[in-house]
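One letter stands for each residue in the lines below.
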Amino acid sequence: STCTGGGTDDDGDLIPNAWEALYFGGNTNATASDDSDVPPDGFSNLQEYIAGTNPTNANSFLKLDAIVSTNSANRTLSFQSVTGRVYAIDWLVDLTLGNWSNLQSGISGIGSPIVIDDFSTDTNRAYRLGVKF
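Participant: So, the environment of S44: which residues are in play, and what are the values?
Facilitator: Inspection of the secondary structure puts S44 in the loop between α1 (17-24) and α2 (45-51). With 87 residues separating them in the primary sequence, S44 and V131 have C-alpha atoms 14 Å apart. Discounting residues that sit within four places of it in the chain, S44 has contacts with A32, S33, D34 and D35.

Here it is as structure tokens:
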């Protein structure tokens, strides 16, 4: 069968055989739900495939690398991108409310760090980074 990201997927787990072979040698039956990092990083093999990160390296996972205040409210956010992935950054002021708003979406991965500016006047913001391909 063919998976959503392209390529043959003999075990039907939505992860291409080629990606499984790259990280797990000849084993193309790595379980999508397993967290193969040692120690585990909290992301499944399928999540690592979608993010374009290394499922065998606990330091390789999707994250905002830095949030730097440029003055009293404005912030600069940075993250490592992967070519072929599309990112979005959301924000909210109160984590207990869970009402996320989009800061920027449709951010195309370029295989190197991406920097996004948030020119908000909010003094406190939480951010989340999402990815798709």
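Participant: Can you lay out the sheet that holds strand β5 (residues 113-118) for me, pointing to particular residues and giving the numbers?
Facilitator: One open sheet holds the three strands; their spatial order is β1-β2-β5, and the pairing between them is antiparallel. One side of each edge strand has no neighbouring strand; the edge strands of this open sheet are β1 (66-69) and β5. Sheet twist, expressed as the average angle between the axes of neighbouring strands with direction ignored, equals 20°. Inspection of the sheet shows β1 paired to strand β2 (residues 75-80) by four bridges, in the antiparallel sense. Within β2, the position partnered with I67 by the bridge is L77.

What counts, and where the lines are drawn
Residues numbered from 1 in each chain as written. Predicted model: local features only at pLDDT ≥ 70, side-chain atom pairs only at ≥ 80, totals over all residues. Heavy atoms only, no water. Helix = DSSP H or I, 4+ residues; strand = E, 2+ residues; numbered from the N terminus. Contact = heavy atoms within 4.5 Å. Pairing = 2+ DSSP bridges. Axes fitted to C-alpha atoms, helices over the stretch in contact; angles between N-to-C directions.

Honestly, that's just the spatial picture; any functional story needs more than this.
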